[in-house]
Amino acid sequence: MFYLNKIKESLLKNKYGKFMIVGAFTFFFLKGLVWLGIFILVGFGVLNY
């Protein structure tokens, strides 16, 4: 746990680390939204078939 905090602190100190953290969050958030949309489309497709 302490090792992860140390990595996070070192990333937050420089500008590129902040971009990497925000970019990773954005990537996984959008990936989750895409999968949610796929599941909703497939679900409604099965219900209306």
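Owing to the predicted nature of the structure, the values given are computational and were not obtained by experimental measurement. (Residues numbered from 1 in each chain as written. Predicted model: local features only at pLDDT ≥ 70, side-chain atom pairs only at ≥ 80, totals over all residues. Heavy atoms only, no water.)

Caption draft 1: Here's a closer look at the overall build of the protein. When helices and strands are counted, the protein shows 2 helices and 0 strands. Roughly 4900 Å² of accessible area belongs to the protein as shown, and the carbon and sulfur atoms make up 77% of that amount. (Helix = DSSP H or I, 4+ residues; strand = E, 2+ residues; numbered from the N terminus. Areas by Shrake-Rupley, 256 points an atom, 1.4 Å probe, with all protein chains shown as cover.)

Caption draft 2: Up close: the packing of aromatic side chains. Going through the model one piece at a time under the given rule, you end up with 3 aromatic pairs. Seen from their ring centres, Phe25 and Phe29 are 6.0 Å apart, and the 15° between their planes marks the pair as stacked. Taken as a pair, Phe25 and Phe29 lie in helix α2 (residues 15-48) at a separation of 4 residues, close to a single helical turn. The class for Phe25 is exposed, based on a relative accessible area of 59%. An angle of 75° between the planes, with centres 5.0 Å apart, marks the rings of Phe27 and Phe28 as edge-to-face. The pair formed by Phe27 and Phe28 is uniform in burial state, with each residue classed as exposed. (Phe/Tyr/Trp six-rings, centres within 6.5 Å; stacked < 30°, edge-to-face > 60°. Buried < 20%, exposed > 50% of the residue type's maximum accessible area, 1.4 Å probe, protein only.)

Caption draft 3: Representation of a nonpolar patch on the surface in the model. Taken together, the side chains of Phe25, Phe29, Leu30, Leu33, Leu36, Ile40 and Phe44 make up a nonpolar region of the molecular surface, amounting to roughly 730 Å² of accessible area. Topologically, Ile40 is positioned in helix α2. Here Ile40 falls in the partly exposed class, since its relative accessible area comes to 42%. (Patch = residues over 30% accessible without salt bridge, like charges linked within 9 Å, V, L, I, M, F, W, Y side chains within 5 Å. Salt bridge = Lys/Arg side-chain N within 4 Å of Asp/Glu carboxyl O.)

Caption draft 4: The arrangement of the environment of Phe29 in detail. The class of Phe29 is partly exposed, set by a relative accessible area of 47%. C-alpha separation for the pair Phe29 and Leu11, spaced 18 residues apart in sequence, amounts to 20 Å.

Caption draft 5: Focus on the environment of Phe2. For Phe2, the location among the structural elements is in helix α1 (residues 2-13). Taking relative accessible area as the criterion, Phe2 reaches 66% and is therefore assigned exposed. For the pair Phe2 and Val22, spaced 20 residues apart in sequence, the C-alpha to C-alpha distance is 21 Å.

Everything listed here is a matter of coordinates, which is why it stays silent on function.
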